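# Results of the structural survey
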Amino acid sequence: MRSHVIFLALLLAAIVLAAQSTSEVELTAEPHHHLALENQYVRAFKVEVTPHDVTLVHLHHHDYVFVTLGASEVENDVKGKPPVTLKLQDGEARFVAGNFAHIARNLASTPFHNVTIELLQDAAAHKTPPPKWDEERGLHVLHGGTQDIMFVQDGVRVSEIELQPGAMLPSHHHSGPHLMIAVTDLDVRSDVEGQGPMPGHFKAGDVKWLPGGYTHTLTNTGKQAAKLVTLEFQE
């Protein structure tokens, strides 16, 4: 009788454990995802997975962009699909269509870091495509740097900017707001028309929401190369 009770208890524990391992949690409830910023346009999460650790099965209701911080190797297990191994480079930005559940498994011996940015207006963009940008792809070689317009998804333009010490991104206008993600530590100066210089200091992985309606230049005032990714939104 005692062995029968023990067997039933072990069976129940196994059933509960299996249910827990397959249940899906909301992104805000996944412990490796830490909400850093939220507004009507985006929810930005800082993600950290220790070596050989794995996230819970979590839901992505929205399209999103992720920016990798540091080279990494992860296994992406989307529910209902075979696992896929991803080898990601430092600063790599990718777009992912939403409405799925998955786990991310860190295959490397170093922590996996990224910034995941949900695009909260994706449904409206799917229904009514936003106006096209004046430029939706292109590499601009600067004096001491580059500006790479990588892609546009859901009306959001994603660019990567690299500036050597002292290099400047020439004067440009932001009609709408944009999100800045620091890939490296940044010491920069924004010279805004009509307002003067504005210094900025950011750690790798920091995110900053910036309003639209201004023209400026951006200069790397630090002693090392600066790398950042921007997501630009139309009003």
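Shown above is the structure to which this text applies.
Because the structure is predicted, anything quoted here is derived from the model rather than measured.

Time to look at the sheet that holds strand 18 (residues 214–220). Spatial ordering of the open sheet is given by 13-18-15-16, a layout of four strands whose pairing is antiparallel. The strands lining the two open edges of the sheet, one partner per strand, are strand 13 (168–174) and strand 16 (196–202). With direction set aside, neighbouring strand axes in the sheet form an average angle of 25°. Direction of pairing for strand 15 (residues 186–192) relative to strand 16: antiparallel, over a ladder of seven bridges. Paired with arginine 189 across the two strands is proline 199, which belongs to strand 16.

A few words on the pattern of salt bridges. One pass over the structure, following the stated rule, counts 10 salt bridges. Ionic pairing is found between lysine 46 and aspartate 206, a salt bridge with its closest N-O pair at 3.4 Å. One end of the pair, lysine 46, is in strand 2 (residues 42–49); the other, aspartate 206, is in the loop between strand 16 and strand 17 (207–210), with 160 residues separating them in the sequence. We classify lysine 46 as partly exposed; its relative accessible area is 32%. Glutamate 92 is paired through a salt bridge with arginine 94; the nearest N and O atoms lie 2.8 Å apart. Taking relative accessible area as the criterion, arginine 94 reaches 29% and is therefore assigned partly exposed.

Right, let's get into the packing of aromatic side chains. Two numbers describe a pair of aromatic rings. These are the distance of the centres and the angle of the planes. Enumeration over the complete set of coordinates arrives at four aromatic pairs. Both rings, one in tyrosine 41 and one in phenylalanine 233, keep their centres 5.3 Å apart while their planes meet at 55°; by these two values the pair is tilted. Taken together, the positions of tyrosine 41 in the loop between strand 1 (33–38) and strand 2 and phenylalanine 233 in the segment after strand 19 (226–232) put the pair 192 residues apart, joining distant regions of the chain. For the pair tyrosine 41 and phenylalanine 233, one class covers both residues: buried. Within the aromatic cluster, the residues linked to one another by ring pairs are Tyr41, Trp209 and Phe233.

The rules behind these values
Residues numbered from 1 in each chain as written. Predicted model: local features only at pLDDT ≥ 70, side-chain atom pairs only at ≥ 80, totals over all residues. Heavy atoms only, no water. Pairing = 2+ DSSP bridges. Helix = DSSP H or I, 4+ residues; strand = E, 2+ residues; numbered from the N terminus. Axes fitted to C-alpha atoms, helices over the stretch in contact; angles between N-to-C directions. Salt bridge = Lys/Arg side-chain N within 4 Å of Asp/Glu carboxyl O. Buried < 20%, exposed > 50% of the residue type's maximum accessible area, 1.4 Å probe, protein only. Phe/Tyr/Trp six-rings, centres within 6.5 Å; stacked < 30°, edge-to-face > 60°.

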